[in-house]
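Results of the structural survey
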Amino acid sequence: MSILTKIFYSLLLCIAFQFGVVAQSLTKTLQLTIPGNKGANGGAVVWHPVYKKYFAYFFGNANFPITDFDEKGKPFITDPEKLLISGVDLRGVWYNTAKRRLEFNGYDVYGWGHYHTNNYGIIDSIYRDFAGMNQPYSNSIGVYNTDLNTVVFPSEDFIIYKYIVTNDGIVPEKLLALQLGCAKQSDADALSDSEWQERVNSRNKSVQYTGIPTREYAILNTEAYKIELYNAKTGLLTNSITVPEIVPLESFFNFSYSNKIWWFFNKEARTLLGYK
């Protein structure tokens, strides 16, 4: 590479940092294959830091299986007939770092609950903690915000809410609106309604929480094959990550983030593809 070429690329990088959006790329690091044929939509992959294992959940039916894997992606149970079932039509599963347990929210008015695990890290019971529509809409997918120690949900137009448990019930509180594809507020303000709707339609409806400063919320842009990272204070786009085009992308479900790994579900192979 010539000196002039090096200078050119250095200038491009400086410009990218100046405007706050830096493109990165992903490399495949792990693969989780789900035994059997039940379940069509990969929901959440959850890393359990105590038992050092991954739990993989399907969304869409209470009779879909739960599969657990070791750190290297080997399933603990390979016979699909012996897998546990979720017991709930799930719309989000996470590890609550404060309570040190697996929690979830269900479809529509099911509400929130948690899974109890025994001393071997095996789920042995399910509890329904708060019944009712405790999320912005019926299909809203909950994720755990480790900085706030609470679960957060996106609305259909990517407004992030947290829900506070009080003596009078569970109360929603708006946190911020994610400005889809906009690194500057002036760009977001200039969008027409039709332009905004186009951006909504091109994003997977699952919003992930990363905990990375200034890049806390992540949205999958299925048309551009990018993961977009947004600032939790401003809602503006700060970074993007290029997804390899061999990865199958879906407009709903099938996208997760856990243990610093991005997960994409390949429906045909019934495999969760983990990228870093």
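Structural data are supplied above this passage.
As the structure is a prediction and not an experimental result, all values here were calculated from the model.

1. So, a nonpolar patch on the surface
A cluster of nonpolar side chains, Leu-84, Tyr-120 and Ile-122, forms an exposed patch at the surface whose accessible area comes to about 340 Å². As for its placement among the helices and strands, Tyr-120 is situated in the loop between strand E9 (112-117) and strand E10 (123-130).

2. A look at the pattern of salt bridges
Working definition: two side chains of opposite charge can pair if their charged atoms are close together. On inspection of all chains with the given rule, the structure shows six salt bridges. Between Asp-129 and Arg-101 there is a salt bridge, with its nearest N and O atoms 3.7 Å apart. Within this pair, whereas Asp-129 is found in strand E10, its partner Arg-101 is found in strand E8 (residues 101-106), the two being separated by 28 residues in sequence. One salt bridge in this structure joins Arg-203 and Glu-228, with 2.7 Å as the shortest N-O distance. Taken together, the residues span a long stretch of sequence, with Arg-203 in strand E15 (residues 203-209) and Glu-228 in strand E17 (residues 226-230) at a distance of 25 residues. With respect to burial, Arg-203 and Glu-228 carry one shared label: buried. Each of Arg-101, Glu-103 and Asp-129 takes part in a single network of salt bridges with overlapping partners.

3. A short note on the packing of aromatic side chains
Two measures describe an aromatic ring pair: the distance that separates the ring centres and the angle between the ring planes. This structure, assessed with the given rule, holds 19 aromatic pairs. A ring pair is formed by Phe-55 and Tyr-57, whose centres lie 6.4 Å apart and whose planes are at 25°; its orientation type is stacked. By relative accessible area, which is 2% here, Phe-55 ends up buried. Taking the centre distance of 6.5 Å and the plane angle of 75° together, the rings of Trp-112 and Tyr-163 count as edge-to-face. Residue Trp-112 is located in strand E9, and its partner Tyr-163 is located in strand E13 (residues 159-166); the two are separated by 51 residues in the primary sequence. By the burial criterion, Trp-112 is buried, and Tyr-163 matches it.

4. So, empty space enclosed by the protein
This model, assessed by the stated rule, comprises one cavity of 30 Å³ or more. The volume enclosed by the largest cavity comes to roughly 50 Å³. Around the largest cavity, the lining residues are Ile-34, Gly-42, Gly-43, Ala-56, Tyr-57, Phe-58, Pro-65, Thr-67, Phe-265 and Leu-272. Looking at the lining of the largest cavity, the elements that each hand over two or more residues are strand E3 (41-48), strand E4 (53-59) and strand E5 (65-69). Ranked by residues supplied to the lining of the largest cavity, first place goes to E4 with three residues. Its residues placed into classes, the lining of the largest cavity shows seven nonpolar, three polar and no charged.

5. Describing the sheet that holds strand E21 (residues 271-275)
Taken together, four strands build an open sheet; the order of strands is E2-E21-E20-E19 and the sheet is antiparallel. The open sheet terminates on both sides in strands that have one partner only, identified here as strand E2 (28-33) and strand E19 (255-258). Across the sheet, the axes of successive neighbouring strands diverge by a mean angle of 25°, strand direction being ignored. Two elements, strand E20 (residues 261-266) and E21, share five bridges in a ladder whose sense is antiparallel. If you follow Asn-266 over to E21, its bridge partner there is Thr-271.

6. Observations regarding the sheet that holds strand E11 (residues 143-145)
Within the open sheet, the four strands sit side by side as E11-E12-E13-E14. Their pairing is antiparallel. In this open sheet, the two strands that pair with only one neighbour each are E11 and strand E14 (169-177). Strand-to-strand twist across the sheet, computed as the mean angle between neighbouring axes with direction ignored, equals 40°. Sheet analysis places strand E12 (residues 150-154) next to E13, joined by three bridges and oriented antiparallel. Note on E13: the bridge partner recorded for Phe-153 is Tyr-161.

7. Looking at the pairing of E17
Most of E17 is tucked away, with four of its five residues classed as buried. Sheet analysis places strand E16 (residues 217-221) next to E17, joined by five bridges and oriented antiparallel. Paired with Ile-219 across the bridge in E17 is Glu-228. Two strands pair when backbone bridges link them, and E17 and strand E18 (residues 237-242) are joined in this way by five bridges, in the antiparallel orientation. Residue pairing in the sheet places Tyr-230 in a bridge with Leu-237 of E18. Here E17 hands over to E18 after six residues, with Gly-235 in that stretch at a positive phi of 80°.

Definitions and limits used
Residues numbered from 1 in each chain as written. Predicted model: local features only at pLDDT ≥ 70, side-chain atom pairs only at ≥ 80, totals over all residues. Heavy atoms only, no water. Patch = residues over 30% accessible without salt bridge, like charges linked within 9 Å, V, L, I, M, F, W, Y side chains within 5 Å. Areas by Shrake-Rupley, 256 points an atom, 1.4 Å probe, with all protein chains shown as cover. Salt bridge = Lys/Arg side-chain N within 4 Å of Asp/Glu carboxyl O. Helix = DSSP H or I, 4+ residues; strand = E, 2+ residues; numbered from the N terminus. Buried < 20%, exposed > 50% of the residue type's maximum accessible area, 1.4 Å probe, protein only. Phe/Tyr/Trp six-rings, centres within 6.5 Å; stacked < 30°, edge-to-face > 60°. 1 Å grid on protein atoms, 1.4 Å probe; cavity = no way out; pocket = protein on both sides within 12 Å on 5 of 7 lines; lining within 4 Å. Points joined across faces, edges and corners; volume = space filled by probe spheres on them. Nonpolar A, V, L, I, M, F, W, Y, C, P; charged D, E, K, R; others polar. Pairing = 2+ DSSP bridges. Axes fitted to C-alpha atoms, helices over the stretch in contact; angles between N-to-C directions.

Remember that the coordinates give geometry; whether it matters functionally is a separate question.
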